[in-house]
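# Architecture at a glance
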Amino acid sequence: MNKWHLTSSLIFMSWFIVTRFMTGRVAEFFVLMAILFFLPAALHFFEKEGEKHKPGMLIGFLMKAFPIAALCATTAFIYHSAWFASGWLLYTILLALFGFSRLLKRGIFPLHELMIDGAWMYLALGGLWFWLYTADIQVMTFSPIIVLLTAIHFHYSAFFIPLFYGLLGRQPAKETALYKAAGWVILLSPLMIAVGISFSRLFDTFSVILYVMALYIYGFLCVKTRFRSTLAKGLVVFSSFVLMGTIVLSLLYSAGMLMRVTYISIDQMIWFHGSINAFFVILPGLIGWLIEGPKHQLKQKNFPMSKMHGRFQMISIQEDSAHDFEKLGLVDSLDELNGKTFSADRVSPVIRRFYEDPMAFTLKAAVSFHRWVRPFVFLLQPMFKKIGQLYLGLSRHPYEMKGRLTRFQHPKEERKNVRAWIRHNAKGEQVFFALYALHYDAAGGYLNIALPLPYSQLTAILKPFDEKGDFLLKSTCPKGSTGDEGLYFHTPFITMKLPMEESFHMKPQTDESLTAVHQMKLFGIPFLTIHYHIDSHHVSQ
């Protein structure tokens, strides 16, 4: 937080404290405290992190725009103006976009980074409820004070608790099962509790009980986790222990609403619960994490990516890639993929020959889209056929995939030594068009495959493995891997890692034939399996 932020915040807060306490509107004071003090401190933490990474451009803008947004929020309370509140709502939407952009560039996992992304995205809901309060809009049967308390909820616990939990997850080398279980509960609880309050008191109480259990696990993990700074650990542990006490008040309030008994009133919740959470949970926790400064553990991916985008016809790309036929492989030598997880010498010779000269083999493919995805594939078939990409058909009967492999050069293709593999079905219709290349990191080589799509492109980064003579290519690797592997969707505007997995498992059958199983998953659920039977030409004849 720079001097401008600090000075302006002190002026606004001093004036606001006097006016709000004199009029008894204490809840507004707690919202403004989160906006003027706690949030810019969290922004400052990520501003330093963003200096080395691409999201830094957005976080830099958010830091510069904060004084205007804070002024809008303060003025919105002073004049009870929805127009000024719109400025803060817009700002929280930009904060949510910051969290979403982090998620897109990295993917859903690891969980601790998703917790941080989710925290930023929840702030947009805080901004929305803030605006609803100042606009005096009736939300179902909620009174204005409940609407304001909901805004407080999303500016405090829905933001800071997932944020703190995500920062805690950065400390150890890997996430434990206990950390993951509590993490999902903490991440989803704001939504679960909101649904419960709106539609079912019983579900609300159940959600709060789960939340209480998760927060007690959080306190336990804070004690067990190693910190570089003893002071930072003391503050974080103190914050978590106080939270373990105050959350019981939320449970009592929820249970009272369920049984229609007043264990704790709204006024008591605002004064006691609100002040303790602000000064003894959020403040020490925030100071502790700012002192500790846990570093982003993920390797920033900077691998070469094709800039080739198709339109609604791939013909022009095919013509650009036309070359005289030659003996050509997907790789010049399978040895190029050697690394820590793979040695070409341990792979069956027939698999090596296939990758070094695939045109010397005949491919028969049995395509199987899983039942849950077949309706979507059916609807998309006309588009796949038109663009000549991923037009695999819905029949499960094996058919021969014919094709050609050529060298590929294009001004938009920045990767080196690229090969284009174009495949057709028995009717001569193009079913697949892929651009193959290699790239490397310290651990070894990767197969870098680009599939042009209309005004976009899908890139598969596959890591090789050998297993008893078999050859495996995977887009997901063992836990703890920080390699480039993954599936990425690229547009001229953004590149995002998809929650998809792809794998190839090649097995030798004879000295002249092999089989391959190609599987794809979405959120861990299989949706496509292709069984290939691959024979050398002189065997198939």
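This text goes with the structure placed above it.
Everything in this summary refers to the structure shown in the same document. (Residues numbered from 1 in each chain as written. Predicted model: local features only at pLDDT ≥ 70, side-chain atom pairs only at ≥ 80, totals over all residues. Heavy atoms only, no water.)

Attention now goes to the packing of aromatic side chains. Using the criterion set out here, one finds 21 aromatic pairs in the structure. Seen from their ring centres, Phe-227 and Trp-289 are 5.2 Å apart, and the 35 degrees between their planes marks the pair as tilted. Of this pair, Phe-227 sits in the loop between α9 (201-224) and α10 (230-259) while Trp-289 is found in helix α11 (residues 266-292), placing the two residues 62 residues apart along the sequence. Of the two residues, Phe-227 and Trp-289, neither departs from the other in class, the shared state being buried. Ring plane angle 90 degrees and centroid distance 5.4 Å describe the contact between Phe-354 and Tyr-355, whose orientation is recorded as edge-to-face. Its relative accessible area of 4% is what places Phe-354 among the buried residues. (Phe/Tyr/Trp six-rings, centres within 6.5 Å; stacked < 30°, edge-to-face > 60°. Helix = DSSP H or I, 4+ residues; strand = E, 2+ residues; numbered from the N terminus. Buried < 20%, exposed > 50% of the residue type's maximum accessible area, 1.4 Å probe, protein only.)

Look at Asp-136: it is not a glycine, yet its phi comes out positive at around 55 degrees. By secondary structure assignment, the location of Asp-136 is in the loop between α5 (111-134) and α6 (144-155). Looking at Asp-136, the relative accessible area reads 56%, which means it is exposed. Positioned with a positive phi, Asn-417 is a non-glycine residue whose angle comes to about 55 degrees. On the basis of relative accessibility, which here comes to 43%, the residue Asn-417 falls in the partly exposed class.

This next bit is on the pairing of strand β11 (residues 513-522). Summarising the sheet, strand β10 (residues 500-510) and β11 pair through 10 bridges and their orientation is antiparallel. Bridged to Ser-503 within β11 is Gln-519. Where β10 hands over to β11, the hairpin turn is made up of two residues, counted between the paired strands. Bridge analysis of β11 against strand β12 (residues 525-536) gives 10 bridges, and the strand direction is antiparallel. (Pairing = 2+ DSSP bridges.)

Here the focus is a nonpolar patch on the surface. Taken together, the side chains of Leu-231, Phe-238, Phe-279, Phe-280, Leu-283, Ile-287 and Ile-291 present a nonpolar region at the surface, about 610 Å² in accessible area. Those elements that provide at least two residues to the nonpolar patch are α10 and α11. At five residues, α11 tops the list of elements feeding residues into the nonpolar patch. If you trace the backbone, Ile-291 turns up in helix α11. Look at Ile-291 and you get partly exposed, because its relative accessible area is 39%. (Patch = residues over 30% accessible without salt bridge, like charges linked within 9 Å, V, L, I, M, F, W, Y side chains within 5 Å. Areas by Shrake-Rupley, 256 points an atom, 1.4 Å probe, with all protein chains shown as cover. Salt bridge = Lys/Arg side-chain N within 4 Å of Asp/Glu carboxyl O.)

Note that all results are geometric; they support no functional claim without further evidence.
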